[in-house]
Amino acid sequence: MKQTNRMSLLRQTVTLLMLLLVIGAQAQTARKFTLDLTPDGKAQMVCFLPQTPSGKAIVGIPGGGYSVLSNGHEGMMASDWLNQQGIAYFVVNYRLPEGDRTKPISDVEQGFRIVRDSAQVWGINPHDVGIMGFSAGGHLASVISTHAAFDVRPDFTILFYPVISMDERVSHIWSCRNFLGEDQKNPAIVRDFSTMNAVRRHLTPPALIVSASDDRLVPFVTNGLEYYKAMRNAGNDCAMYVYPTGDHGFGFGPWFKYHDQLLTDIGNWLKARQTPKPDAIRVACIGNSITDGHGIDMCDAYGYPAELQKILGKDYWVKNFGVSARTMLNKGDYPYMNELAWQDAQAFKPDVVIIKLGTNDSKPENWQYGAEFRQDLEQMILTLRPDLAQPVGKKAKKAKKNAVAAPAKPQIYLCTPIPAFKSTWNINDQVITNEIIPIQQEVAKKYGLQVIDLHTLYANDGDKMLDDGIHPDGKGAHRMAEIIAGELKK
């Protein structure tokens, strides 16, 4: 009898403990509610706000082959664990494309706008909003990561066994057909929305890819691996976890053999990411291949803007908007102001802009238009700072008085090109020294801007260059960052 009572008491205790654990887990979600994303309510976003917000948020995109929404283990089931980590979670129940891909794309973009617009109210850092997609939802997440405008592009991407290719011969046939519709017959559209082809150096957000080696529905080698390769070849931050078994569609289901390891892996990856502070000083690095980090492997981690971030610290947010081979000249062979990076640099709303262009302009084929260098440089400056074109004298005082709600006015630094230690690719250091730098100095004086004279300050660092004599190596990138950081801190 006593033994029976002890067993009964033990069972009651275990039951009570389990109940407390369940209650504790549920308590991590402070609020759950649903918002309409379209006026007719056909697209909705289910919101899970954590009790103790960390500032991080994730927008979840369920899979289902673009024919149904698998929003249980590939959607809602992730909410408890994410909220326990302090991460706000938003599941987008998007409209199925039915041949019109703009429907799911616009639904997810609208979800991102709402999350970022509501960031302060919901305890979210607007610079730390990621996307997490599963299968076909992984394809949609990768489309948003590679095709969306800057204001609705994620800060990081998590892809579960994603459909990446829209070539039905190597991918999930129905995802391809349902997403593209009749455009499945258009090779250019197929290529564009095979998102490994749309990865942009510096501009595509860091990614984590999760898959199982034995996935028979969406072949990993021709999908997830292709996205990883594109990211890695671009020098972008990307990680990949491939589990031995699990087939397709395991999501956050506890039945997945490696479920606990999966949560640990995702948690560690998220914790390792360096997140900018909401009020960090934004620094946009505009330039050519020297800014881009040509010749430096994993340039997003070791190029000069990345080194500048390390030196300046957490109170700054430095972003690389460099594009190789670009010119300041709009009639040059590859004008910078024609690039997506230029649009993104403006959308970044920087507090500080570092402009380092001019090296490629010195080539004879470009400098034949050198008479327009000044006006093109002024065009870039006035696009960033329209207020500098205001009239002087009493009119300027009146304009300043009326500009109460004027946008932020970034501080602009003009960098002279570093020396061309060799004339590789017809780059001409005499043109840089005698013609380009004097124009930069005159324009800086006209608009009250500061010049960082890299040409002089870097002159003794020829040993920190690649063999081409044009691009700094890793040590040279650090040296450039030291010089620029010194000027910013003055």
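Whatever comes next refers back to the structure up there.
Residues numbered from 1 in each chain as written. Predicted model: local features only at pLDDT ≥ 70, side-chain atom pairs only at ≥ 80, totals over all residues. Heavy atoms only, no water.

A. Spatial organisation of the pattern of salt bridges. This model, assessed by the stated rule, comprises 26 salt bridges. Among the ionic pairs, R232 bridges to D297, the shortest N-O distance being 3.1 Å. With a gap of 65 residues between them, R232 in helix α8 (residues 224–233) and D297 in the loop between α10 (289–292) and α11 (299–302) connect regions that are remote in the sequence. Salt-bridge contacts for E339 lead to R326; the nearest nitrogen and oxygen are separated by 3.0 Å. Of this pair, E339 sits in the loop between β10 (316–322) and α13 (340–347) while R326 is found in the loop between β10 and α13, placing the two residues 13 residues apart along the sequence. (Salt bridge = Lys/Arg side-chain N within 4 Å of Asp/Glu carboxyl O. Helix = DSSP H or I, 4+ residues; strand = E, 2+ residues; numbered from the N terminus.)

B. Spatial organisation of the sheet that holds β10. In space, the five strands of this open sheet follow the order β10-β9-β11-β12-β13, with parallel pairing throughout. Each of the sheet's edge strands pairs with one partner strand only, and the pair in question is β10 and β13 (450–452). For this sheet, the mean angle separating the axes of adjacent strands, direction not counted, is 20°. One ladder, built from four bridges, connects strand β11 (residues 352–356) with strand β12 (residues 411–415); its direction is parallel. If you follow I354 over to β12, its bridge partner there is Y413. Strands β9 (281–287), β11 and β12 of the sheet are contacted by helix α15 (residues 373–384), whose axis makes an angle of about 160° with β12. (Pairing = 2+ DSSP bridges. Axes fitted to C-alpha atoms, helices over the stretch in contact; angles between N-to-C directions. Contact = heavy atoms within 4.5 Å.)

C. Local environment of the environment of V163. Within the secondary structure, V163 is located in the loop between β6 (157–160) and α6 (173–180). For V163 and S142, which are 21 residues apart along the polypeptide, the C-alpha to C-alpha distance reads 9.0 Å. Setting aside residues up to four positions removed in sequence, V163 forms contacts with S135, A136, G138, H139, S171, H172, S175, V218 and N223.

D. Geometry of the sheet that holds strand β7 (residues 207–212). Strand order across the open sheet formed by eight strands is β1-β2-β4-β3-β5-β6-β7-β8, with mixed pairing between neighbours. In this open sheet, the two edge strands, each paired with only one partner strand, are β1 (29–36) and β8 (238–243). Direction aside, neighbouring strands of the sheet carry axes that sit 15° apart on average. The pairing of β1 with strand β2 (residues 44–50) spans seven bridges and is antiparallel. Along β2, the bridge assignment pairs K32 with F48. Sheet strands touched by helix α9 (residues 259–272): β3 (57–61), β6, β7 and β8. Its angle to β6, the strand with the most contacts, is close to 160°.

E. Quick peek at the packing of α15 against helix α17 (residues 429–447). Packing of α15 against α17 leaves a shortest axis separation of 10 Å and a crossing angle of 40°. The angle between α15 and α17 places the two elements in the oblique class. α15 and α17 meet at a crossing whose hand is right-handed. Contacts between α15 and α17 pair F373, R374, L377, E378, I381 and L382 from the former with I436, I439, Q440, E442, V443, K446 and Y447 from the latter. Residues that form the contact of α15 with α17 fall into these classes: eight nonpolar, one polar and four charged. (Parallel < 35°, antiparallel > 145°, perpendicular 65-115°, else oblique. Left-handed = near helix turned anticlockwise from the far one by under 90°. Nonpolar A, V, L, I, M, F, W, Y, C, P; charged D, E, K, R; others polar.)

F. The arrangement of the packing of aromatic side chains in detail. A full pass over the atoms with the stated rule returns 22 aromatic pairs. Relative to F256, the ring of Y243 lies with its centre 5.7 Å away and its plane at 80°, an arrangement referred to as edge-to-face. Separated by 13 residues along the polypeptide, Y243 in strand β8 and F256 in the loop between β8 and α9 bring together distant segments of the chain. Of the two residues, Y243 and F256, neither departs from the other in class, the shared state being buried. On the basis of an interplanar angle of 10° and a centroid distance of 3.9 Å, the ring pair of F250 and F256 is categorised as stacked. By relative accessible area, which is 2% here, F250 ends up buried. (Phe/Tyr/Trp six-rings, centres within 6.5 Å; stacked < 30°, edge-to-face > 60°. Buried < 20%, exposed > 50% of the residue type's maximum accessible area, 1.4 Å probe, protein only.)

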